[in-house]
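Secondary and tertiary structure notes
Now for the letters of each chain:
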Amino acid sequence: MYISMACFKSKSLSLVAFVLVIICALLWVGEGRAPFACDPNNGLTRGFKFCNTHVPIHVRVQDLIGRLTLPEKIRLVVNNAIEVPRLGIQHYEWWSEALHGVSDVGPGAKFGGAFPGATSFPQVITTAASFNQTLWQEIGQVVSDEARAMYNGGVAGLTYWSPNVNIFRDPRWGRGQETPGEDPLLAGKYAASYVRGLQGDGAGNRLKVAACCKHYTAYDLDNWKGVDRFHFNAKVSKQDLADTYDVPFKACVLEGKVASVMCSYNQVNGKPTCADPDLLRNTIRGQWRLNGYIVSDCDSVGTFYDTQHYTKTPEEAAAQAIKAGLDLDCGPFLALYTDGAIKQGLITENDLNLALANLITVQMRLGMFDGEPSAQPYGNLGPRDVCTPAHQQLALEAARQGIVLLQNNGNALPLSPQRQRTVGVIGPNSDVTVTMIGNYAGVACGYTTPLQGIARYVKTIHQVGCRDVACGANDLFGRAEIVARQADATVLVVGLDQSIEAEFRDRVGLLLPGHQQELVSRVARAARGPVILVIMSGGPVDITFAKNDPKISAILWVGYPGQAGGTAIADVIFGTINPGGRLPNTWYPQDYVDKVPMTNMDMRANPASGYPGRTYRFYKGPVVFPFGHGLSYTRFTHTLAVAPKEVSLSLSSNNAFKNSTWSSKAVKVSHANCGALEVGFHVDVKNEGSMDGAQTLLIFSKPPEGKWASVKQLVGFHKVHILAGSKQRVKVGVHVCKHLSIVDEFGIKRIPIGKHELHIGDLKHSISVQTLDEIKN
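Residues numbered from 1 in each chain as written. Predicted model: local features only at pLDDT ≥ 70, side-chain atom pairs only at ≥ 80, totals over all residues. Heavy atoms only, no water.

Looking at an unreviewed UniProt entry, one finds the chain named Fibronectin type III-like domain-containing protein and attributed to Crotalaria pallida.

Here's what the structure looks like:
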């Protein structure tokens, strides 16, 4: 272990380091690694066509399937696939996780020996707040480097069931932290970017690792007031399914070219998602043309038989899943009941072959039947490529970009180490480590806590105030007040952790847990210097009390900022970094969730029933902080340099949709000539302040007034870094069919005719969409 740790940490080019790297390599090669399939030195497999890399993959796949017995096939469509020694096939574990770094949550990856840990990036909700597609792809590239290195070392697989791209519909959802937030376009862009980073450039149909977008679909409830995900039937309209819930998955498949999609536990409109051919075979594989495999969430096939009682027999459940389009079962159910399903004539062996072909095709695209990986692409990656300084620097940069400045009264931030020489650091999250990486995380390379980060700038006085986030009454409050009275400034780090929000743990309310609010208010009253409130959480928190407290100078949301979170927090507080993050979800007041059950899946408001709607797109009530909110230490202004005022839409058929009133007229997207309908806007963004900074330019569209009107929807975003006093021109492309369309109650996309309002930064601009032909439906 001592040598392995040395291998892990040695980055120097010194002779000693070189020797250590050689020792590492020897240990790595010999440390319990199973032989790889189709090794050229294996005389047993040398003549098999499926091992011939010069033969097309589909031919190799059929050759391999033709050599398998039925019992072997059945044991290959579950996550812990068996070995087939006579064909040189080793056992393979499909289940690995890489939500924000290689994780050991699934059984497919293990830390230890030459691989004691991996770079742990911020939780997804934090990274999403950067609104930076380049960053997301870079993180995916680093994670896949480390995943490949661990695979080469025999301690990880190449199939990773990440990312989670479900819409963060309800602020109480315990797994919302894993997602890119509440907006479909944002979630879709994140999905495609991260997947491209994980899977590589796709040259020659090859995959670096195989990503998986989950959990399809309308899954965003785990356990709320006795309703759990295993029993929940999500009643979703065609409009909301097409307009919201399916959007990120569609982007993941069509734009990201993802290799896998995972179906969820819940039912959608009375059908288990993993048993619904309309969702799997017809939509994912049919309409979207998935080039890969469909996997169940773990034990969800068993769930729709045992728990949901969707079929009368387990054999019917196995057959229903395979006929629906499922290829791989995370769990033992298909291994136990597929043989019976075939014997009963519920499915054929050919149905099983089709599922198996999708699985083996992905494995071959990964090079898993090409022999020992050292001679393959990425075969040179090893222990020295995990937790490198560059990877850890990217984790720090991601944390910096994800921090959101919510409030900054009187420009209290940044603090000055010269004026605020002693800082009190208080709160249950002020000196945490694993809390910072959220869930589905691995073993981090190391941690810098908020206390440690701040201590790099100034002298600190530390007092937790609460022993944990549950925060009992009067729990060390007095000691915290004493610290606040002594310090030149006070930083309170409060919020949530996995004991409050996690998988299978939804929140009941949105307030700070326990007596944290009392701690914050008492410390603020006692403080003699500025008070900085730092919220560490995945989901939103109602901190209206702090927002309205004149003693609280500034508020930061840092999400779960990853292994380097403490450094990033301190860098923002002391102005080394100018914050540029934006909230990826709406922060509601507590009374919102008092009125809205988690089980209501409707996105749109219903004034007649008093239902207020969900997310910034449809909710019109009061908020604590809105979607997209985020301040900076500098001031940006926007000017439209090029701004078209109208666009003509030509029709491809005699099927324009026309109602009697002009305000409700709209054209089906499928009837429009969409090819060249992107409208270009040029926006000059100027940094008017004295500090360099990054500006996130958000572009929203709002349809014409009338039948089609919603609040607004995000149609684009651009991250630009601008030096103090300088200006940068940003080209914004608004595509009429993609960005100015709406989805009607039947799930059909239409382009409303008339004046659309664009919100570009703090600017508003109208663009008129007209048809060249008016053809009666």
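Once the structure has been displayed, the description carries forward.
With that settled, the discussion passes to the overall build of the chain. Each helix and strand counted, the chain has 23 helices and 27 strands in total. Here the chain has a C-alpha radius of gyration of 27 Å; the compact-globule value for 777 residues is 28 Å, and the two agree. Expressed as a percentage of the 777 residues in the chain, the buried residues total 62%. Expressed as a percentage of contacts within the chain between residues at least 6 apart in sequence, the contacts between residues at least 24 apart total 76%. As displayed, the chain offers around 28300 Å² of accessible surface, 51% of which is attributable to carbon and sulfur atoms. One way to put it: in the chain the 75 positive side-chain charges average out to a point 5 Å from where the 67 negative ones average out. (Helix = DSSP H or I, 4+ residues; strand = E, 2+ residues; numbered from the N terminus. Rg over C-alpha atoms; globule rule 2.2 N^0.38 Å. Buried < 20%, exposed > 50% of the residue type's maximum accessible area, 1.4 Å probe, protein only. Contact = heavy atoms within 4.5 Å. Areas by Shrake-Rupley, 256 points an atom, 1.4 Å probe, with all protein chains shown as cover. Lys, Arg positive; Asp, Glu negative; His and termini not counted. Charge placed at Lys NZ, Arg CZ, Asp CG, Glu CD.)

Scanning all chains against the criterion turns up seven disulfides. Each disulfide pairs two cysteine sulfurs, and for C38 the partner residue is C51, the sulfurs being separated by 2.0 Å. An S-S torsion of about -70 degrees defines the bridge between C38 and C51 as left-handed. Here C38, found in the loop between α2 (15-30) and α3 (57-67), pairs with C51, found in the loop between α2 and α3; they are 13 residues apart in sequence, far enough to count as distant. Take C38: its relative accessible area is 6%, and that puts it in the buried class. For C387, the disulfide goes to C445, at an S-S distance of 1.8 Å. One disulfide, between C387 and C445, carries an S-S torsion of -85 degrees and so falls in the left-handed class. With a gap of 58 residues between them, C387 in the loop between α14 (349-365) and α15 (389-402) and C445 in the loop between β12 (422-426) and α16 (450-455) connect regions that are remote in the sequence. Under the relative-accessibility criterion, C387 is labelled buried at 2%. Among the cysteines around C212, which has no disulfide bond, C213 carries the closest sulfur, lying 6.9 Å off. (Disulfide = S-S within 2.5 Å.)

At a closest axis distance of 9 Å, the pairing of α3 and α14 adopts a crossing angle of 125 degrees. On the basis of their axis angle, the class for α3 and α14 is oblique. Judged by the twist between their axes, the crossing of α3 over α14 is right-handed. For the pair formed by α3 and α14, the contact residues are I57, R60, V61, Q62, L64 and I65 on the first element and N353, L356, A357, I360, T361, M364 and R365 on the second. (Axes fitted to C-alpha atoms, helices over the stretch in contact; angles between N-to-C directions. Parallel < 35°, antiparallel > 145°, perpendicular 65-115°, else oblique. Left-handed = near helix turned anticlockwise from the far one by under 90°.)

With that settled, the discussion passes to the side chain of S96. Looking at where S96 falls in the secondary structure, it is placed in the loop between β2 (92-93) and α5 (124-128). Discounting chain neighbours no more than four positions away, the residues touching S96 are G108, A109, G157, T159, Y160 and W161.

Here V683 shows up in strand β20 (residues 678-687). With 67 residues separating them along the chain, V683 and Y616 place their C-alpha atoms 24 Å apart. Excluding its chain neighbours within four sequence positions, the residues that come into contact with V683 are H638, T639, L640, L697, Q728, R729, V730, V732 and I760.

Our next topic: helix α9 (residues 247-254). Residues of α9 that are buried include every one of P248, F249, A251, C252 and V253, and no others. In this structure, the buried residues of α9 make contact with α7 (184-199), β3 (213-216), α8 (238-245) and β7 (260-263).

So, about the sheet that holds strand β17 (residues 636-642). The antiparallel open sheet is built from three strands, whose spatial order is β17-β20-β23. This sheet does not close on itself; its edge strands, each paired only once, are β17 and β23 (727-735). Strand-to-strand twist of the sheet, defined as the mean angle between neighbouring strand axes without regard to direction, takes the value 30 degrees. By the bridge criterion, six bridges tie β17 to β20 in an arrangement that is antiparallel. Looking across to β20, one finds that L640 is bridged to V683. (Pairing = 2+ DSSP bridges.)

This paragraph deals with the side chain of Q713. Within the secondary structure, Q713 is located in strand β22 (residues 713-722). Within the local environment of Q713, its side chain forms a polar contact with the backbone oxygen of S741, the two atoms lying 3.2 Å apart. Ignoring sequence-local partners within four residues, the contact set of Q713 consists of Y616, R617, I699, F700, S701, H739 and S741. (Polar contact = N/O pair within 3.5 Å; in protein donor to acceptor, adjacent residues only side chain to side chain.)

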